[in-house]
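This is what each chain is made of:
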Amino acid sequence: MKASQFTLATLRQTPSDADIISAQLMLKAGLIRKLASGLYVWMPTGLRVLRQVEKIVREEMERINAQELLMPVTQPAEVWQESGRWEDYGAELLRFKDRHQRDFVLGPTHEEVITDIARGELKSYKQLPATYYQIQTKFRDEIRPRFGVMRAREFTMKDAYSFHIDKESLAKTYADFYEAYSRIFSRLGLNFRAVQADTGSIGGFASHEFHVLADSGEDDIAFSSQSDYSANVELAEAICTDVRKAPTAERTDVDTPNMPTCEEVATHLGIDLKQTVKTLIVKGSYSDDNPDMPKLVALVLRGDHTLNELKAEKLPQIKAPLEMATEDEIKEAGLIKGYISVDLASYGIFVVADRTAAVMSDFVSGANIPHKHTTGMNWDKDAKFDVVADIRNVVDGDPSPDGQGVLQIKRGIEVGHIFQLGDKYSKAMNCTVLGKEGKPVTLMMGCYGIGVSRIIAAALEQNHDDKGILWADTPNPNDNIAPFFVAVVPMKSKDGQAESKAEELYQLLKNKGVNVLLDDRDERAGVKFADLELIGIPHRIVVSERNLAEGKYEYAKRGNDDKQMLSLDEILAKF
Ligand code: ATP
Ligand code: MG
């Protein structure tokens, strides 16, 4: 490619609305342009990167015998009504009507469509297992599109679906995907981890997420210091090995004026935050159908811990999805917001103590009197809980749930997710084949997603410097996802010799199949260098009159200040 005929679209200024380094770099380096919130144009430079990622993903999908197909973005409402997700899927699902007033959606995912195809095409157990994938546009009307293409509304996903006669076959294909995903992220040169993930409301058998580690990640990942245990904090079990000590203090109300938080109380009383507890009131699962369940539930946590909503809402007494009680509900129950006590026996509230909170003694809680807390609180003596449960997020230093080492928390960007779905969709949509005994068998299903466009943003979060993008070195140079692998830059020469030699080198490299850019723009060298560094082109060869006199070319690797003088043969041997 010649830069003079290519829209590099680099910017001098950092766009003011880019909220994260990768988004800034993608805009500045001309990879993308914003069309509207969560909607981006992939510019020529960016599309080259996207296609490289797609190529690697495709190769690894073919390796595990997944078949590529392509489903429409637009999907009829009928299949969503059949699966039940027409009602269940929230506002992320964009619904619309065609000219005949028929309902449609823009696909946020394709379980329904693929299950419809599978039930039509798969007739016998002999055709199984069958795995399909596509690389395609998804639309999710995200409540908060942000971070550029990282959380966009329209984005590119590789989604795959597998169909099986039984759980064993599903587990085998799942393992293939686990390996394929690991290979994809390794080939891309990314620092990533596969972590155990929540199977959520679908209640499948197993799920793993693949995370690129970066401080800007939206997820917290817990790792063991001594084993290969790793899990999303959403899921990681909090183990409490402490035993409760005998009470030594007496229950005493103390003044804590305008101090509704544990932090304020701890500072005021000059005690460790770990000696305080907080009590959160959430809605219970009481309903006309469930009259035995509580209307309100109190969740008691140690002051320095945070609530894990996913864990809490799995308790039968708690309404799912979890909802905090309103101010009115708290008031009606006779509780003083900000000063709620753990002594709730006389309020008819179901009390859940977190495992760690349950082994505390001589602690401080609210007094349920405005501007007062109680010190010297002790379970059994001063207050009672109904159940003990793991309802908090793990923190640095917690014991690893596998009993080996302690947990360490890091931020991650979810780039892939694999899931053993079981029969959720196949059952709802009657997707069966004839089994060995000649009877219909409902298929087992797996689904597997990779955020193809998100990978690029994640890669940039991990790899950049003050000059711009640094594309990660990949174990195989052919896997490098840089838009161009080599840039050839002629310096202006009087007789045009540097320019023609540069063109010659460009043609030679091109003929060798090297992904090369000839920067033949009529620009100052400094401008060209700055652009090439911003875009992160890994290798740069400068062709100048002075060096040509000695038969040399100046070679530099992006991210490395050393320059080397190489002969033409050396350059050609290098690439
Ligand atoms: P998240 O928790 O980040 O919203 P998700 O659980 O909704 O992700 P999946 O439904 O498993 O994601 O989709 C598969 C992959 O698609 C994700 O692992 C992620 O890499 C990518 N992805 C999901 N939502 C977006 C988005 N809004 N923009 C870009 N990529 C996305
Ligand atoms: Mg999502």
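Right above here is the structure, for reference.
Residues numbered from 1 in each chain as written. Chains lettered and ligands numbered in written order. Predicted model: local features only at pLDDT ≥ 70, side-chain atom pairs only at ≥ 80, totals over all residues. Heavy atoms only, no water.

Enquirer: Go over the site of ligand 1 with me, naming the residues and quoting the values.
Expert: Lining the immediate surroundings of ligand 1 are 14 residues, of which Arg140, Glu142, Arg151, Ala152 and Glu414 lie closest. Interatomic distance of 2.6 Å between a side-chain N/O atom of Glu414 and an oxygen atom of ligand 1. Gly451 places a main-chain nitrogen or oxygen 3.3 Å from an oxygen atom of ligand 1. Taken by itself ligand 1 offers 580 Å² of open surface, and the protein chains cover 81% of this. The set of elements that each furnish at least two residues to the shell around ligand 1 consists of strand S8 (154-164) and strand S20 (407-422). At four residues, S20 tops the list of elements feeding residues into the shell around ligand 1. For the shell around ligand 1, the residue count by class is six nonpolar, three polar and five charged. (Near = heavy atom within 4 Å. Polar contact = N/O pair within 3.5 Å; in protein donor to acceptor, adjacent residues only side chain to side chain. Areas by Shrake-Rupley, 256 points an atom, 1.4 Å probe, with all protein chains shown as cover. Helix = DSSP H or I, 4+ residues; strand = E, 2+ residues; numbered from the N terminus. Nonpolar A, V, L, I, M, F, W, Y, C, P; charged D, E, K, R; others polar.)

Enquirer: For the sheet that holds strand S18 (residues 372-377), give the residues involved together with the corresponding values.
Expert: The strand order across the open sheet built from three strands is S13-S18-S17, with neighbouring strands paired in antiparallel fashion. On the outer flanks of this sheet lie strand S13 (252-255) and strand S17 (363-369), each paired with one strand and no other. Adjacent strand axes in the sheet meet at a mean angle of 40 degrees, parallel and antiparallel pairs treated alike. With four bridges joining them, S13 and S18 adopt antiparallel strand pairing. Note that in S18 the partner of Thr252 across the bridge is Thr375. (Pairing = 2+ DSSP bridges. Axes fitted to C-alpha atoms, helices over the stretch in contact; angles between N-to-C directions.)

Enquirer: Tell me about the environment of His464, and name the residues and values.
Expert: Position of His464 among the secondary structure elements: in strand S24 (residues 464-465). Relative accessible area serves as the criterion here: at 29%, His464 is assigned to the partly exposed category. Distance from His464 to Asn393, taken between C-alpha atoms, is 31 Å for residues 71 residues apart in sequence. Look past the residues within four positions of His464 in its chain and what remains in contact with it is Ile21, Leu25 and Leu470. Here Leu460 takes part through its backbone oxygen, which lies 2.7 Å from a polar atom of the side chain of His464. (Buried < 20%, exposed > 50% of the residue type's maximum accessible area, 1.4 Å probe, protein only. Contact = heavy atoms within 4.5 Å.)

Enquirer: Go over the nonpolar core with me, naming the residues and quoting the values.
Expert: Counting residues in each nonpolar core, the largest one holds 69 residues, and the members touching the most others are Met26, Met61, Tyr181, Ile184, Phe185 and Trp471. Not counting the four nearest positions on each side in its chain, Met26 is found in contact with Leu31, Ile32, Trp42, Val149, Ile456, Ala457 and Leu460. Ala298, Val300, Leu335 and Val351 belong to the second-largest nonpolar core, a separate cluster that totals 22 residues. (Core = buried A, V, L, I, M, F, W, Y, C linked by side-chain atoms within 4.5 Å.)

Enquirer: Got a sec to walk through the sheet that holds strand S15 (residues 296-302)? Specific residues and values, please.
Expert: Whenever strands of a sheet pair, they do so through backbone hydrogen bonds, lying parallel or antiparallel. Strand order across the open sheet formed by four strands is S14-S15-S16-S19, with mixed pairing between neighbours. Each of the sheet's edge strands pairs with one partner strand only, and the pair in question is strand S14 (277-283) and strand S19 (387-389). Sheet twist, expressed as the mean angle between neighbouring strand axes with direction ignored, is 30 degrees. Of the strand pairs in this sheet, S15 and strand S16 (residues 350-354) are connected by four bridges, and their pairing is parallel. Its bridge partner lying in S16, Leu299 is registered against Val352.

Enquirer: I'd like to hear about unusual backbone geometry, residue by residue, with values.
Expert: Note the cis peptide between Leu128 and Pro129, where omega equals -5 degrees. Each neighbour pair has its own omega, and for Ala320 with Pro321 the value is -5 degrees, a cis peptide bond. Looking at the secondary structure, you find Pro321 in the loop between helix H8 (309-312) and helix H9 (327-332). One non-glycine residue, Asn65, adopts positive backbone phi at about 65 degrees. Along the chain, the position of Asn65 falls in the loop between helix H2 (44-63) and strand S3 (67-68).

Enquirer: Give a detailed account of the packing of aromatic side chains, specifying residues and quantitative values.
Expert: Inspection of every chain in the model, using the stated rule, returns 16 aromatic pairs. When the centroid spacing of 6.1 Å and the interplanar angle of 75 degrees are considered together, the rings of Phe177 and Tyr181 count as edge-to-face. Of this pair, Phe177 and Tyr181 are both found in helix H6 (residues 167-187), four residues apart, which corresponds to roughly one turn of the helix. Assigned by exposure class, Phe177 and Tyr181 land together as buried. Between Trp379 and Phe385, the aromatic rings sit 4.8 Å apart at their centres with planes inclined by 70 degrees, giving edge-to-face as the arrangement. For Phe385, a relative accessible area of 23% translates into the label partly exposed. Here the aromatic cluster, defined as three or more aromatic residues joined through ring pairs, consists of Phe177, Tyr178, Tyr181, Phe185, Phe192, Phe210 and Tyr448. (Phe/Tyr/Trp six-rings, centres within 6.5 Å; stacked < 30°, edge-to-face > 60°.)

Enquirer: I'd love a proper account of the packing of H2 against helix H12 (residues 452-462), names of residues and values included.
Expert: In the contact formed by H2 and H12, the axes pass within 9 Å of each other and the chain directions differ by 110 degrees. Considering their axes alone, H2 and H12 lie roughly perpendicular with respect to each other. In the crossing of H2 with H12, the sense of the turn from one axis to the other is right-handed. For the pair formed by H2 and H12, the contact residues are Val49, Leu50, Val53 and Glu54 on the first element and Val452, Ser453, Ile455 and Ile456 on the second. Taken together, the residues that form the contact of H2 with H12 break down as six nonpolar, one polar and one charged. (Parallel < 35°, antiparallel > 145°, perpendicular 65-115°, else oblique. Left-handed = near helix turned anticlockwise from the far one by under 90°.)

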